Amino acid sequence: MLFIKKYLPLFIAIQLIASYSVLAQQSPGNVIDLKGTWYFKLDSTDAGEKEEWFNKNLADKIVLPGSLTTNNIGSDISINTHWTGDIVDSSFFKNPEYAKYREPGNFKIPFWLQPTKYYKGAAWYQKEVTIPASWNKKHITLFLERCHWKTTVWVDGGKTNSQMSLGAPHEYDLSALLSPGKHRITICVDNRVHEVNVGSNSHSISDHTQSNWNGMVGKLMLIEQPVLHIENVKLFPDIHKKQVTAVIDYKKNNNALIKAQINLKATSGNKNAETLKALSVEKDLKENTGSISITYPMGNAPLLWDEFNPDLYNMHISLQSGNESDEKDIAFGMREFVTDKTQFIINGRPIFLRGTLECAVTPVTGYPSTENDFWKNIFTVAKSYGLNHLRFHSWCPPEAAFDAADSAGFYLQVECSSWANQGATIGDGAPLDTFIYNESERIINNFGNHPSFCMMTYGNEPAGKHHKEYLTKFVEYWKQKDNRHLYTSASGWPVIDENDYNSTPDPRIQAWGAGLKSIINSQPPSTSYDWSNIISKWQHPTVSHEIGQWCVYPDFKEIEKYTGVLKAKNFEIFRDFLKEHGMQHLEDSFLLASGKLQALCYKADIEAALRTKGFGGFQLLGLNDFPGQGTALVGVVNAMWGDKGYINGKEYSRFCNNVVPLVRFPKMIYTNDETISAPVEIANYGKAEIKNGKAGWLIKNKEEKVLFHGILNAADIAFGNGINIGEIKASLSSVTTAEQLTVEVSVNDYKNTWEIFVYPKQLPEVQNVYTTQTLDEKALQVLNNGGNVLLNLKQGTLAKNKGGDIPIGFSSIFWNTAWTHGQAPHTLGILCNPKHAALKYFPTEYYSDYQWWDATSHSNAIMLDSVAKHIQPIVRVIDDWFTARPLGLLFECKAGKGKLIVSGIDLTANMEERPEARQLLYSLEKYMASDKFNPTQQISIENIQSLTTETPM
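As the structure is a prediction and not an experimental result, all values here were calculated from the model.

## Points about the overall build of the protein chain
Here is step 1 of the chain: Of regular secondary structure, the protein chain possesses 15 helices and 48 strands.
Here is step 2 of the chain: Projected onto its principal axes, the C-alpha coordinates of the protein chain cover approximately 110 × 70 × 50 Å.
Here is step 3 of the chain: Relative to its full complement of 953 residues, the protein chain shows a buried share of 63%.
Here is step 4 of the chain: Put simply, 74% of the contacts in the protein chain that link residues at least 6 apart link residues at least 24 apart.
Here is step 5 of the chain: Carbon and sulfur atoms provide 49% of the accessible area of the protein chain, an area that totals close to 35,200 Å².
Here is step 6 of the chain: Separation of charge centres in the protein chain, based on 92 positive and 102 negative side chains, amounts to 1 Å.

## Topic: unusual backbone geometry
Trans is the common state for peptide bonds, and a negative phi is the common state for residues other than glycine.
Here is step 1 of the chain: In this structure, the amide linkage connecting L64 to the following residue, P65, adopts the cis form with an omega of 5°.
Here is step 2 of the chain: Locating P65 in the fold gives a position in the loop between β3 (60–64) and β4 (66–67).
Here is step 3 of the chain: Cis geometry is adopted by the peptide bond preceding P494, which originates at W493 and carries an omega value of 0°.
Here is step 4 of the chain: Relative to the helices and strands, P494 is located in the loop between β27 (486–487) and β28 (502–504).
Here is step 5 of the chain: Even without a glycine there, the phi angle at E52 is positive, about 55°.

## Observations regarding the sheet that holds strand β15 (residues 258–268)
Here is step 1 of the chain: Strand order in the open sheet formed by four strands is β16-β15-β18-β19, with antiparallel pairing between adjacent strands. The sheet is open, and its two edges are formed by β16 (279–285) and β19 (324–332), each paired on a single side. Between one strand and the next, the sheet's axes are offset by a mean angle of 20°, whatever the strand orientation.
Here is step 2 of the chain: Taken together, the nine bridges between strand β18 (residues 313–321) and β19 define a ladder with antiparallel strand orientation.

## Topic: the sheet that holds strand β20 (residues 337–340)
Here is step 1 of the chain: Strand order in the open sheet made by the three strands is β20-β21-β22, with antiparallel pairing throughout. Strands with a single pairing partner mark the edges of an open sheet, and in this sheet they are β20 and β22 (349–351). Averaged over all neighbouring strand pairs, the angle between strand axes comes to 45°, with direction disregarded.

## Describing empty space enclosed by the protein
Here is step 1 of the chain: This structure, assessed with the given rule, holds eight cavities of 30 Å³ or more.
Here is step 2 of the chain: Of the volumes computed, that of the largest cavity is approximately 70 Å³.
Here is step 3 of the chain: Taken together, L235, P237, F332, G333, R335, G448, N449, H450, P451, R484 and H485 make up the full set of residues lining the largest cavity.
Here is step 4 of the chain: Its residues assigned to classes, the lining of the largest cavity shows four nonpolar, five polar and two charged.

## A closer look at the packing of helix α5 (residues 431–447) against helix α6 (residues 467–481)
Here is step 1 of the chain: Where α5 meets α6, the closest approach of the two axes is 12 Å, and the angle between their N-to-C directions is 25°. Between α5 and α6, the crossing angle belongs to the class labelled roughly parallel. Read as a crossing pair, α5 and α6 show a hand that is right-handed. Here α5 contributes L432, D433, I436, Y437, S440, E441 and I444 to the contact with α6, which in turn contributes Y470, K473, F474, Y477, W478 and K481.
Here is step 2 of the chain: A class-by-class count of the residues in the contact of α5 with α6 yields eight nonpolar, one polar and four charged.

## Description of the confidence of the model for the protein chain
Here is step 1 of the chain: Within the protein chain, residue pLDDT values average 95, and 97% of them lie at 70 or more.
Here is step 2 of the chain: Overall, residues 1–28 carries pLDDT values under 50, and its contacts beyond four positions in sequence, including any with other chains, amount to 65 contacts.

## Focus on the packing of helix α3 (residues 372–384) against helix α4 (residues 399–408)
Here is step 1 of the chain: At a minimum axis distance of 8 Å, the contact between α3 and α4 shows a crossing angle of 40°. Considering the angle they form, α3 stands oblique to α4. The way α3 lies across α4 gives a crossing that is right-handed. Taken together, the residues of α4 that come into contact with α3 (itself represented by N372, W375, K376, F379 and K383) are A400, A401, D403, A404, A405 and A408.
Here is step 2 of the chain: A class-by-class count of the residues in the contact of α3 with α4 yields seven nonpolar, one polar and three charged.

## Section: the layout of surface pockets
Here is step 1 of the chain: Estimated volume of the largest pocket: approximately 780 Å³.
Here is step 2 of the chain: Contributing to the lining of the largest pocket are 33 residues, with K603, R654, T753, E755 and Y847 lying nearest its centre.
Here is step 3 of the chain: Counting residues per element, the lining of the largest pocket draws most heavily on helix α10 (residues 587–611), which supplies seven residues.
Here is step 4 of the chain: Across the lining of the largest pocket, the residue classes tally to eleven nonpolar, eight polar and 14 charged.

## Considering the packing of aromatic side chains
Here is step 1 of the chain: Tallied over the full model, the rule gives 55 aromatic pairs.
Here is step 2 of the chain: Geometrically, the ring pair formed by F374 and W375 is edge-to-face, given 5.1 Å between the ring centres and 80° between the ring planes.
Here is step 3 of the chain: With relative accessibility at 29%, the residue F374 sits in the partly exposed group.
Here is step 4 of the chain: With 5.7 Å between their ring centres and 90° between their planes, Y437 and Y470 make a pair best called edge-to-face. Of this pair, Y437 sits in helix α5 while Y470 sits in helix α6, placing them 33 residues apart in sequence.
Here is step 5 of the chain: We classify Y470 as buried; its relative accessible area is 0%.
Here is step 6 of the chain: Site record: aromatic cluster; members linked through ring pairs are W83, F92, F93, Y98, Y101, F107, F111, W112, Y118, F577 and W819.

## Notes on the environment of I690
Here is step 1 of the chain: With respect to the helices and strands, the residue I690 is situated in strand β35 (residues 690–691).
Here is step 2 of the chain: For the pair formed by I690 and N388, sequence separation is 302 residues and the distance between their alpha carbons is 20 Å.

## Examining the environment of W881
Here is step 1 of the chain: Mapped onto the fold, W881 is located in the loop between β46 (875–879) and β47 (887–895).
Here is step 2 of the chain: Taking C-alpha positions, W881 is 30 Å from R654, a pair spaced 227 residues apart along the chain.
Here is step 3 of the chain: In contact with W881, not counting residues within four places along its chain, are C551, V552, Y553, P554, F574, F577, T631, L633, I813, N816 and L828.

## Concerning the side chain of S318
Here is step 1 of the chain: As for its placement among the helices and strands, S318 is situated in strand β18.
Here is step 2 of the chain: Among the polar contacts listed, one links the side chain of S318 to the side chain of N263, at a separation of 2.9 Å.
Here is step 3 of the chain: Leaving out residues up to four positions away in the same chain, S318 has contacts with Q261, I262, N263, S325, D326 and E327.

## Here we look at the pattern of salt bridges
Here is step 1 of the chain: Taken as a whole, this structure holds 36 salt bridges when the rule is applied.
Here is step 2 of the chain: One salt bridge connects D625 with K644, and the closest N-O pair in it is separated by 2.8 Å. You can see D625 sitting in the loop between β31 (617–621) and α11 (649–652) and its partner K644 sitting in the loop between β31 and α11, a full 19 residues away along the chain. Neither residue differs from the other here; D625 and K644 are each classed as buried.
Here is step 3 of the chain: The salt bridge involving K751 is made with E744; its shortest N-O contact spans 3.9 Å.
Here is step 4 of the chain: A relative accessible area of 14% places E744 in the buried class.

Definitions and cut-offs
Residues numbered from 1 in each chain as written. Predicted model: local features only at pLDDT ≥ 70, side-chain atom pairs only at ≥ 80, totals over all residues. Heavy atoms only, no water. Helix = DSSP H or I, 4+ residues; strand = E, 2+ residues; numbered from the N terminus. Buried < 20%, exposed > 50% of the residue type's maximum accessible area, 1.4 Å probe, protein only. Contact = heavy atoms within 4.5 Å. Areas by Shrake-Rupley, 256 points an atom, 1.4 Å probe, with all protein chains shown as cover. Lys, Arg positive; Asp, Glu negative; His and termini not counted. Charge placed at Lys NZ, Arg CZ, Asp CG, Glu CD. Pairing = 2+ DSSP bridges. Axes fitted to C-alpha atoms, helices over the stretch in contact; angles between N-to-C directions. 1 Å grid on protein atoms, 1.4 Å probe; cavity = no way out; pocket = protein on both sides within 12 Å on 5 of 7 lines; lining within 4 Å. Points joined across faces, edges and corners; volume = space filled by probe spheres on them. Nonpolar A, V, L, I, M, F, W, Y, C, P; charged D, E, K, R; others polar. Parallel < 35°, antiparallel > 145°, perpendicular 65-115°, else oblique. Left-handed = near helix turned anticlockwise from the far one by under 90°. pLDDT = per-residue confidence, 0-100. Phe/Tyr/Trp six-rings, centres within 6.5 Å; stacked < 30°, edge-to-face > 60°. Polar contact = N/O pair within 3.5 Å; in protein donor to acceptor, adjacent residues only side chain to side chain. Salt bridge = Lys/Arg side-chain N within 4 Å of Asp/Glu carboxyl O.

Rendered as structure tokens:
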């Protein structure tokens, strides 16, 4: 009772909005389209209502649907622009390297994509309409599909009310104000955070992604209906009883008794579907508003909706009284999305959610698209990369997204427009508490019939003293009210018993703040770990929250692709930094090399999830780039869902798919006196259990020669994961030289591959090279005598102003350094020429693979320009794009009368435990002892010595 008393205003507000109708339910007739030219006026001083602008003719013209920005209206971007969204890194406002970008005429921000114009405040929009005589005394609704975000409506001089939905259409009953004839409709739209603070970083309002736009988009129209009309319809499918229950909310203008006939008929576009009969029911309707519940049989074998067979039905409903009829068509699917212990179940079959985030990233328009083709492309790309799930981070998309997901067979998680953190809280009595209930009701009423709408949360990562109590009640409320969807408290936390499923960041290989202590950076490479210990304490499914967040270098070729209202000025800044450091010619190489490492990191993250028996799924952050929060280039596809050139959907879906072969390698680095012994598993969440499957493994070298192979047991594979199908076992004694080998496992048409590295246990000694960790007397003597010296610096001895303060790890950058307060690592892997003679005996590609884990874990990155200009290193380290420094692990030069290789990698400590280090050392020494070792650049011995002492730069 305490809860009911505390939140009584909430429930009153919910009842007031319970009659919201759905765009998809409205028949196309009896509509006045309001798209086209409107009149407008900006109201930066909030004078409009006081001065009664609704009684005046506004003078300036604008085209709607659209925003002020798409109409090129607003102020130029400047240092004084009042953004919506936190700015964590303030360096732009004070650091000298950004000074020229703070100047008028060259203003560029590094935080996010930059709009062409900006306006935050009230704006007034006005249009004259003519109501036909046939609409006299009818029900008339003003339908605004997507507004941003508070609207207030006047008809002529009469004010209606205001609405504040971010995730659903704004609908106004104008029946009493629109008589036949001409009328002036005036709408004030305000995009400021007013009485409801959903959180300035919420993707429903933030400049980080879609931009904080002002306007009205999608369908803008007046809709005429009979006095007795359908307000809303909810369809509740029951696949076991082979029926669907239609709950039809109706409304009329008085409590007089009316006899009504309700007709239902479901049809399918699938020619194999059973033809269903129409159903008619007569009802006496007295109350002004009410609900009618009708059960409709779906035949003997209704088609079920899922990711493999996204079969849809259309339910045609008419509500008839006398000569008038109101009709609606509603797309729906026969599906049951539930849980069983720690697994999600679709129509009785276990599924594994392979998801990514959609953060309202819309560079062309700066607002969410209401066009089906836009969303169809997103789901097509996501599906090609092996995904079946999309989470809408702190926002709810328009109808077109649900339509496209229905057709594609995608499972959607929708959120109620809020990220109540960093300036906002939930559950502490603020107006947001009521807004969330109202917003969730609007979202369910408008989109709840879509079979793709499977999951819902309040929003993202909540804060507040009482957020757990509030969200517990929120989950309980919706679990009791609507069983078509699953509910959890929030994305990220809290984990509570009442949740249908957990969303938590615990199961992933890199946590926020972990830095170089994460699994991928602190533990030698393997594929044997999983998250079983983490999830064992929970009794319902777990979805890992925002896994990955692995960065790649900017693709500067993208700049010209930003042809809409949001421009990649941030990329222009980063390109300038690269050019100023003399490395613009390497931009494509940096992209491709860092991209290969990024893909490897994502493979590690995804396979760990798939190896965890009984796991629910994962949500990537993300498959596509996130352009905000300091520029988080975490996608293997760009912000517009285009490939970047280093991995494609076919390659990605080898390790991210409904069926994935997996191997638990205890390590990825071997010596040739060892035997590989690794269990092989499969994750099978395909369309059917595998019967009489064929499976095998092989290991081949770079020349595609198969060195080892074997048969696996895939005769009968049930649904699920952690299913053992055999073992890879091979003695490596026949591998006599250093090799990079590919392990391939195939199960029917599904293949997955891994690179392993095998090195000789014993290596011959190399003469005529002096290897040292300091330029001691002997090293100087060797150089002065024209000899060869390999200087490998002990880790931690590189001077800070030479690169000793640059955190380097194996993985690429997590999220980005600007928004993580400089979380390590600050680098994006290595870049080298694999055919360089110095690497002849150390097999490598041009990018980081697991053989470089040891080197990056025992090294410092040398700032090359601090030693000498124009050094071309043997192995380069790709720096953070915010600093773009020339960094290296290995470079060669002339020093004194001799020749020198300087290694930022420690090639002395614990070498007996580091086979890849021994092999790299051997390869370098063999090169130095050959006539191919002939560096051309002369560097003074004093400059080399300065590497380990602090000297002025």
